[in-house]
Amino acid sequence: MLNFLPAPLIALLSFSFYALNTAFWVIPIVVFSLFKALIPFSFSQKIFSYLLDLMASNWVAINTFNQKLFTKMAFQVTGLDKLNNKDWYLVLANHQSWVDIVVLQRVLHGEIPFLKFFLKKELIYVPILGLAWWALDFPFMKRYSQSFLKKNPQLRGKDLKTTRKACKKFKHKPVSIMSFIEGTRFTQAKHDKQNSPYNYLLKPKAGGVAFVLDAMGEYLTTIVDVTIYYPEGIPSFGDFLMGRIKKVHVEIHTREIDSELSGDYMNDRTHKIAFQKWLTQFWHEKDARLETMRQNSTQSVDKYVNSNADNSADN
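Since we're looking at a predicted model, the values are computed, not measured. (Residues numbered from 1 in each chain as written. Predicted model: local features only at pLDDT ≥ 70, side-chain atom pairs only at ≥ 80, totals over all residues. Heavy atoms only, no water.)

Participant: Explain the sheet that holds strand β7 (residues 222-229) here, please?
Facilitator: Within a beta sheet, neighbouring strands are joined by backbone hydrogen bonds and run either parallel or antiparallel to one another. The 6 strands lie next to each other as β1-β8-β7-β2-β6-β3, forming an open sheet whose pairing is mixed. Of all strands in the sheet, those with a lone pairing partner are β1 (74-78) and β3 (115-117), marking the two edges. Ignoring strand direction, the axes of neighbouring strands in this sheet form an average angle of 25°. Taken together, the 3 bridges between β3 and strand β6 (residues 176-179) define a ladder with parallel strand orientation. Looking across to β6, one finds that L115 is bridged to S176. This element, helix α3 (residues 99-108), spans β1, β2 (89-93), β3, β6, β7 and β8 (247-256) of the sheet and lies at about 65° to β8. (Pairing = 2+ DSSP bridges. Helix = DSSP H or I, 4+ residues; strand = E, 2+ residues; numbered from the N terminus. Axes fitted to C-alpha atoms, helices over the stretch in contact; angles between N-to-C directions. Contact = heavy atoms within 4.5 Å.)

Structure representation (structure tokens):
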């Protein structure tokens, strides 16, 4: 609605609105987080978890309103009809920009349970945020490196047991776990350095996904495969704030999580090889999907250009 304003002014106003919205919700979230930490009863914990998720969800909803107010992003989304708020999901997406997080929150808001990320155990000690993440039931994982386990073999498997224990809260509460399995944002320089076999993706990191499935395999039921494509090129967060992103294409596919995807990835070599093979195929399919989205976008532009040229000739 206000996208006619100069780009720098749009960036200033939209950023200010994001900051105000965040400040507005962070206070009650921190307060209720303290209540949740200090009142250890199971019933009260569930109530606080529900209220905190509702607050975080409202934060996303107002951020989306902010986007519609200051920008004119046209979303082309397919596959939402297969989702609901009552299932347990593992969300896997390609990662190109910080804008991806905003896109995922906007597209999936209200369609699936509030998105949560696996965080390193050490992040729980971050002032204020650590408490908020814990209260919002973001799962924390404790992972030991292979070199550490060689020196301390008695701790092998303990990190997984600790994470499984922390995830028991999701047995009766639907959850969506989000993972960017490339581990970092896509750039051509990173792609070339990896010598990636994919055209539009970096190599996926199997260990992190396998760890999530090992820890939460008994709770998660479905993989939500999200493919994000920006027809005008990969945007920066500055582009997003200034309203320069005009189009976003999102394809969503779902697949059941088979029992064969869960197993002892660290110690079972057969399972490890099978899982890596599955993930490689999964990623090749996403790469092909991105190529199709790119071709369709190019054809749409060509048709638009040709149509304008025909109209000019008629005139």
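That covers the picture; the talk isn't over yet.
Participant: Hey, could you run me through helix α1 (residues 7-38) in this one?
Facilitator: Spanning 32 residues, α1 covers 46 Å between terminal C-alpha atoms, matching the ideal 46 Å at 1.5 Å per step. Taken together, the buried positions of α1 are I10, A11, S14, Y18, N21, W25, I29, V30, S33 and K36. Elements in contact with the buried residues of α1: α2 (42-70), α4 (129-135) and α9 (237-241). (Expected span 1.5 Å × (residues − 1). Buried < 20%, exposed > 50% of the residue type's maximum accessible area, 1.4 Å probe, protein only.)

Participant: Explain the layout of surface pockets to me, please; I cannot follow it from the model alone.
Facilitator: Where empty space is left can be seen by rolling a probe of water-molecule size over the atoms. Space inside the largest pocket adds up to approximately 1,700 Å³. Along the wall of the largest pocket there are 48 residues; nearest its centre are W98, I101, F117, L119 and F138. By residue number, the principal contributor to the lining of the largest pocket is α1, which donates 7 residues. Of the residues assigned to the lining of the largest pocket, the class counts are 32 nonpolar, 10 polar and 6 charged. Forming the walls of the second largest pocket are 19 residues, and the residues nearest its centre are D53, N85, I112, P113 and F114. Taken together, the elements giving at least two residues each to the lining of the second largest pocket come down to α2, α3 and β3. Each residue belonging to the lining of the second largest pocket can be placed in one class, and the counts come to 11 nonpolar, 5 polar and 3 charged. (1 Å grid on protein atoms, 1.4 Å probe; cavity = no way out; pocket = protein on both sides within 12 Å on 5 of 7 lines; lining within 4 Å. Points joined across faces, edges and corners; volume = space filled by probe spheres on them. Nonpolar A, V, L, I, M, F, W, Y, C, P; charged D, E, K, R; others polar.)

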